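# Tertiary structure, described
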Amino acid sequence: MKSIPYNDYYESKLLSIPLFKDLPVNLKCEIIKKLHFKLYEIDKDTIIIEQGSTCCYLYILLEGILEVNIIDANGNEVLIEHIEAPRTFATPHLFQRDNRFPATFKTLNKSVLLTATKDSTFELLSKYPEMLKSFFCISGNCNACTTSRLDVLSRKTIRERVLVYLIKKLKKDSSTIKITHTITQLAEYLNVTRPALSTEFNKMEKEGIIRRKGNNHIELNLKMIRNLYNYCLFE
């Protein structure tokens, strides 16, 4: 990691993240003055945080994409998610008693990372209720994402994992989703092999459970899913 100077461009990125964007302008200026942070430029394919290491900073990805993986009990690497800038990450671990990272974070391309000290972050959260509220919301969303991810991985069959993944992506009053992963990335996300995933998609399409449409869209036959499976498992 190479230390780089902070400038107006990175400031606009920093203030656009959910933690800060809805705060009053005067409060944003106060935060920039009192938050003790450093900025780093990081090359592609660099591990910036290892699973089991201690969380001592507020981490904010200003540019780039991170891949988050865990090593399971069998020693297998499991893809958890991709983090796209600009956003904070791992916020729930900053003030936990056991504040070790549960995963490894690696850059997928050239990235810019801001790290703010734990003490200065705590001071700002203690002084400004608006920022504290935003921090709680972000931490809650992180925990919700983790729970959703574990729900997918807990399913025993490939089909269950696929259906849980697809249904969680559905928007209200819609039966169609857009797949943002490639088939290889999705196989890694579901912790299955690419050939097995392709086979399962083909089977579900032949059975009429899904219908693949153009531009990576998939339509779900929700009526059939409700009839064939215990639908409450996927809510």
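Described below are features of the structure shown in this document. (Residues numbered from 1 in each chain as written. Predicted model: local features only at pLDDT ≥ 70, side-chain atom pairs only at ≥ 80, totals over all residues. Heavy atoms only, no water.)

### A look at the environment of Leu 170
Tracing the chain through its elements places Leu 170 in the loop between α5 (158-169) and β10 (176-178). On the accessibility criterion, Leu 170 (18% relative accessible area) is buried. (Helix = DSSP H or I, 4+ residues; strand = E, 2+ residues; numbered from the N terminus. Buried < 20%, exposed > 50% of the residue type's maximum accessible area, 1.4 Å probe, protein only.)

### Some words on the pattern of salt bridges
What the rule picks out here adds up to 9 salt bridges. Glu 30 serves as the salt-bridge partner of Lys 34, at 3.0 Å between the closest nitrogen and oxygen. Of this pair, Lys 34 and Glu 30 both sit in helix α2 (residues 25-34), 4 residues apart, which is roughly one turn of the helix. The salt bridge partner of Arg 100 is Asp 98, with a shortest N-O separation of 2.8 Å. Taken together, the shared-partner salt bridges connect Lys 2, Glu 41 and Lys 110 into one network. (Salt bridge = Lys/Arg side-chain N within 4 Å of Asp/Glu carboxyl O.)

### Observations concerning the packing of aromatic side chains
All told, the structure shown has 10 aromatic pairs when counted by the stated rule. In this structure an aromatic cluster arises from ring pairing among Tyr 57, Tyr 59, Phe 89, Phe 101 and Phe 105. (Phe/Tyr/Trp six-rings, centres within 6.5 Å; stacked < 30°, edge-to-face > 60°.)

### Points about unusual backbone geometry
Going from Ala 85 to Pro 86, the amide bond is cis rather than trans, its omega being -5°. Position of Pro 86 relative to the elements: it lies in the loop between β6 (77-84) and β7 (87-89). The phi angle at Ala 90 is positive, at roughly 60°, despite the residue not being glycine. One can find Ala 90 in the loop between β7 and β8 (104-107).

### Quick word on the sheet that holds β6
Sheet strands pair via backbone hydrogen bonds, and the direction of the pair is either parallel or antiparallel. Spatial ordering of the open sheet is given by β3-β8-β5-β6, a layout of 4 strands whose pairing is antiparallel. Taken across any chain shown, the strands that pair with only one partner, and hence form the sheet edges, are β3 (47-49) and β6. Between one strand axis and the next, the sheet turns by 30° as a mean value, whatever way the strands run. Note: β3 against β8, 2 bridges, orientation antiparallel. Directly across from Ile 49, in β8, lies its bridge partner Phe 105. (Pairing = 2+ DSSP bridges. Axes fitted to C-alpha atoms, helices over the stretch in contact; angles between N-to-C directions.)

### Here we look at the nonpolar core
Grouped together as the largest cluster of nonpolar side chains are 46 residues, with contacts concentrated most on Phe 20, Phe 89, Phe 105 and Met 131. With near-sequence residues (within four places) excluded, Phe 105 lies in contact with Thr 46, Ile 47, Ile 48, Ile 49, Leu 66, Glu 67, Val 68, Ile 83, Phe 89 and Ala 90. Leu 186, Ile 209, Leu 220 and Ile 225 belong to the second-largest nonpolar core, a separate cluster that totals 25 residues. (Core = buried A, V, L, I, M, F, W, Y, C linked by side-chain atoms within 4.5 Å. Contact = heavy atoms within 4.5 Å.)

### Here's the deal with the sheet that holds strand β1 (residues 2-3)
Strand order in this open sheet of 5 strands is β1-β2-β9-β4-β7, and the pairing throughout is antiparallel. Edge strands, defined here as strands with exactly one partner in the open sheet, are β1 and β7. Contacting β4 (57-63) and β9 (111-117), helix α3 (residues 118-127) crosses the sheet at an angle of about 70° to β9.

### Digging into the pairing of strand β2 (residues 37-42)
Within a regular strand, the side chains alternate between the two sheet faces. When β1 meets β2, the two strands line up antiparallel, connected through 2 bridges. Paired with Ser 3 across the strands is Tyr 40, a residue of β2. Pairing of β2 with β9 involves 6 bridges; the strand directions are antiparallel. Bridged to Ile 42 within β9 is Ser 111.

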